[in-house]
Every structure is written in structure tokens, then in C-alpha cells.
Amino acid sequence: MEHIVIIGNGISGVTAARHIRKLSDKKITIVSAETEYFFSRTALMYVYMGHMKFEHTQPYENWFWKKNNINLKQGLVNQIDTEQKTLHFKGGESLNYDKLIIATGSKPNKFGWPGQDLDGVMGMYHKQDLENLEKHAPNNSICKRAVIVGGGLIGIELAEMLNSRDIPVTFLVREDSFWNGVLPQGESEMINRHIKNHHIDLRLSTNLKEIKSDENGKVKSIIIEETGEEIECNVVGLTAGVTPNIDFIKDSNIKTAKGVKVNRFLETNILDVYAIGDCAEQHEGINGRRTIEAVWYTGRMMGETVAQTICGNRLAYNPGHWFNSAKFLDIEYQTYGWVFSKPREDEAHFHWKHEDDTKCITVCYNTITNEFLGINTFGMRMRHEVFDKWLTEKRDVEYVINHLPEANFDPEFYTKYEAEILSAFNKKLQTV
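I will try to describe carefully the structure that is included in this document. Treat the numbers as computed from the prediction; the structure is a model and nothing was measured.

When its secondary structure is counted, the chain shows 11 helices and 25 strands. The C-alpha radius of gyration of the chain comes to 23 Å, within 12% of the 22 Å expected for a compact globule of 432 residues. The principal-axis extents of the C-alpha atoms in the chain amount to approximately 70 × 60 × 40 Å. A total of 432 residues make up the chain; the buried ones form 51% of that total. Sequence separation of at least 24 residues holds for 60% of the intrachain contacts in the chain that already meet a minimum separation of 6. A total of about 20200 Å² of accessible surface is found on the chain, and carbon and sulfur atoms cover 47% of it. The distance from the centre of the 50 positive side-chain charges to the centre of the 59 negative ones in the chain is 3 Å.

As a further point, take the sheet that holds strand 11 (residues 169–172). Taken together, the 5 strands give an open sheet; going across it, the order is 9-16-10-11-12, and neighbouring strands pair in parallel fashion. Either end of the sheet is taken by a strand with one partner, and the two such strands are strand 9 (121–122) and strand 12 (201–203). Pairing geometry for strand 11 and strand 12, over 3 bridges, is parallel. Along strand 12, the bridge assignment pairs F171 with L202.

Another point: helix 5 (residues 153–164). An ideal rise of 1.5 Å per residue puts 16 Å on 12 residues; helix 5 measures up with 17 Å between its terminal C-alpha atoms. When we look at burial in helix 5, the residues that qualify are G155, I156, L158, A159, E160, M161 and L162. Once helix 5 ends, the next one or two residues include D166, with phi positive near 60 degrees.

This part covers the side chain of T82. Here T82 is to be found in the loop between strand 4 (77–81) and strand 5 (86–89). In this structure T82 touches Y97, N253, I254, I270 and V273, once residues within four positions along its chain are discounted.

Turning next to the environment of N78. Looking at the secondary structure, you find N78 in strand 4. The sequence separation of N78 and N109 amounts to 31 residues, and the corresponding C-alpha distance is 20 Å. Setting aside residues up to four positions removed in sequence, N78 forms contacts with H88, F89, K90 and F248.

For any pair of aromatic rings, the description consists of the separation of the ring centres together with the inter-plane angle of the planes. Summed over all chains, the structure comprises 23 aromatic pairs. Ring geometry for F64 against W65: centres 5.0 Å apart, planes inclined by 85 degrees, an arrangement best described as edge-to-face. Each member of the pair, F64 together with W65, is buried. Pairwise contacts between aromatic rings join F171, F178, W179, F328, Y333 and F378 into one cluster. Here the basic side chain of R314 rests over the ring of F265, its NZ or CZ set 3.6 Å away from the ring centre. When the ring centre of Y399 is taken as origin, the NZ or CZ atom of R395, which lies over that ring, is 4.0 Å away.

Per the counting criterion, the structure on display carries 0 disulfides. Here C143 stays unpaired: no disulfide links it, and the sulfur of C233, its closest cysteine neighbor, is 7.8 Å away. For C143, a relative accessible area of 0% gives the class buried. Unpaired in this structure, C311 has its nearest cysteine sulfur neighbour in C279, at a distance of 19 Å.

With that settled, consider the nonpolar core. Counting residues in hydrophobic clusters, the biggest one holds 47 residues, and the most contacted among them are I6, I80, L87, L100, I101 and I102. At 5 residues, the largest contribution of residues to this core is made by helix 1 (residues 11–23). In this structure I6 touches G13, A16, A17, I28, T29, I30, V31, I101 and A103, once residues within four positions along its chain are discounted. With 40 residues, the next largest nonpolar core counts M45, L133, I167 and I331 among its residues.

Below, the discussion takes up empty space enclosed by the protein. Counted according to the given criterion, the structure contains 1 cavity of 30 Å³ or more. If you trace the largest cavity, you find 14 residues lining it, with Q282, T291, E293, M302 and Y317 closest to the centre. The leading source of residues in the lining of the largest cavity is strand 20 (residues 280–282), at 3 residues. A breakdown of the residues in the lining of the largest cavity according to their chemical character gives 8 nonpolar, 2 polar and 4 charged.

Rules and cut-offs
Residues numbered from 1 in each chain as written. Predicted model: local features only at pLDDT ≥ 70, side-chain atom pairs only at ≥ 80, totals over all residues. Heavy atoms only, no water. Helix = DSSP H or I, 4+ residues; strand = E, 2+ residues; numbered from the N terminus. Rg over C-alpha atoms; globule rule 2.2 N^0.38 Å. Buried < 20%, exposed > 50% of the residue type's maximum accessible area, 1.4 Å probe, protein only. Contact = heavy atoms within 4.5 Å. Areas by Shrake-Rupley, 256 points an atom, 1.4 Å probe, with all protein chains shown as cover. Lys, Arg positive; Asp, Glu negative; His and termini not counted. Charge placed at Lys NZ, Arg CZ, Asp CG, Glu CD. Pairing = 2+ DSSP bridges. Expected span 1.5 Å × (residues − 1). Phe/Tyr/Trp six-rings, centres within 6.5 Å; stacked < 30°, edge-to-face > 60°. Lys NZ or Arg CZ within 6 Å of the ring centre and 35° of its normal. Disulfide = S-S within 2.5 Å. Core = buried A, V, L, I, M, F, W, Y, C linked by side-chain atoms within 4.5 Å. 1 Å grid on protein atoms, 1.4 Å probe; cavity = no way out; pocket = protein on both sides within 12 Å on 5 of 7 lines; lining within 4 Å. Points joined across faces, edges and corners; volume = space filled by probe spheres on them. Nonpolar A, V, L, I, M, F, W, Y, C, P; charged D, E, K, R; others polar.

This is the structure:
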């Protein structure tokens, strides 16, 4: 019987296993060095905040794997021998495969800062990070202050987590405005104000120089690059992005760059070896997307796609229109299509912000054809399937603004802002 081995039990690897099982009776083994059972990584923050227990983050009961005849193996793979089709584990064990799926995800970036491996320094990606945070920052008497380095989505989540336990937070952001490589200026500045309104010490245009240790090898303070200022702290969160977790693959025959190189079918350069999720790198981005996408839903889609190929229906990965969602403290954010931080050639942005400074939208459109290209929404929920349809139909921007109520997904009795948005848009048209 053909043996499919999957390294990694995140959303990509587990989705691949589930779909291979739906389509076949092949032997399946999932290998993980992190946790025995799959959990929802995006829910980790809510465990620390007391909204759920860790077992609530596990989408499947523990009996699910045995019932579906999916073998789980805990262990750290440190070498892949593609000629012998064998995995070698730290500790000396080995495992043979017929087809291999690499789904090892990401690891937090470290940039060689002095002190980056001290006790009390952590990312916020793995279950071990959560356990580390619980140990070093259970409350504000043990953790007097935390410093977060890096202003992306994981950074803001970690700030919210620490804030929920009244632990003072200093947030170092290299850019001159929060996430302004992704967000247009109006949105980025609104989020700056929102972070500060939550009593988080946001330091823009600020870099970490080093992390200092006490006599026991624990974090004592950090030094700021630009000013030499020392900030005392007990925890340092490194949230300056993630990179593919593929160090153990570098000395194999599998071709890698930043990630494991794959074609549109998620196949590597080695027959019967595939890569999916955060660790997979496309040769060229698909429909303007990045070549590596560390996004939950694309990982799931890759898992479904590779399962089809492995079960005899060779299928190209096609993620469709870009979308994503996140939360900036209590402001929900969604994006559909392309809205870049600055309009590209022949593009314009229409930006509307509510006077309460917690709700805004930015719509991107083509200035020559008026085609709707994308939308960012903050503080208002919009339906994915509606925007997906409009992007496919290449609707013009006037149509989208006039039909925004059809996309609204806010609960009943929420204030609706579409009339105000339409009026602002019409005013803009009159002044152009």
C-alpha cells in the first residue's frame, strides 16, 4: 500500500491528510515535532487571554485520527534522503515514504541581535511560545514590562494579549507608521492612533540594538539603536515576520530558495516530493500574489489541491482573488482584491473614514477603465463572496460603491455607513 508521509501538522498538512483519506485508502502518516494533535494556530492568542482553553483550539477530537486511520508520529526530522525515500529523525529513528509532503510552516525571523536567544525572548507562532509567555508573563508583578519588536499582524496580536493582563507594552516598529508597507497612509495612521489609545507605548522609526541579560541569563532590558535608550523589561517578543522553516532540507536534493521551490502543482524538483503552506515557494507569484504566502486559508487550499494530485487527479493550485482578514485590537480588518499602500500606475484610491476614527474603507480602482480592483475595510464586516464575484465580473467602481449594502455583513442593529460612503464618493467625483 502506498505510504504518504506529511511533515508538519498545521492547517496545510492536516488538510492534505484529510482529503487524501476522503479520496483513498492510502497509508498516511503525519509527523510533527510541535504538538501531538493539530490545533488552530490563529486561536493561540485567545488561550492566553482566557477566552478558551487549549483543547478548544483543536478542531478534531483526539479519537478522530485513529478512526480515520491517520497515523501520528512525534519527532523532529533532521534529514531527508530522497534517493532512498527515507526520513531520518533526531534521535536516530527513520521512516520510509512513497510520496512525501513537506508542510513545515514558518519560524519567527531573528536578525542576529545580541541576546536574541535569552530566557524570556520568544516569537508568537508555536504552542511552545504560548507556554513560554505563560511562564514569563503570567501577570504584571512577574512581568513588569514587555517589549515587542516588529510591527506586523503577530506583533499587534501579542500586544493585545499582554494588554489583556495589564502588562505594560513598548512596541518597536521600524517603519515610520504601523504596517505602512501594506496599508495606505490614512489606514496606517488610524491604527497608530488606535494602538496609542490602548495605552501601548508605540515607538515608530525605532530599531532594536540588543537585548541585555541579568546574571541568570534572563532578559533584563533592551537597548534602542537610534538613541541608546535602555528600557527595562522581562519579556521580548520577536514579531518581525516569519521565514519558511526548512533548515533541515538545505543539504538534501530538494531545491530551495527562501522556501521549498514548487511549480503550480505544488511539486518540487524531486519526483514524489511536494511542498505546501508557508514553507512552499512558487517560481512566480500567481495573479500578483507573493511567491510565499504565510496565510491560513492558502495553506488549507494547497492541502486540498495536493491531495487531488496524489490521488490521481493532477490539479494546479489556483487560489483565486486575494483576500485576508485580521484584527487590530478591537478593529476588524478585511481586504479583497488589491489595495497597495500607494496606488500603482493608472490606479487611484478612494478613502473614507468615519469621524470616530475606528472605521474606514479604501477602494482601489483603475483610473482609465474605472474597474474596481480591491477594497480594505476597517470596523465594518463585508462579505467575501460578494467582492469575489464583483472582482471576477470586473465591475466598475461606481457599481461597487452603489451596491455596498449588498456586501455588508454587520449584525442586525449595527449602524450602516454605506449612504455616507456613497455621498463622500459622489463629492469626490464632482471635484475631480
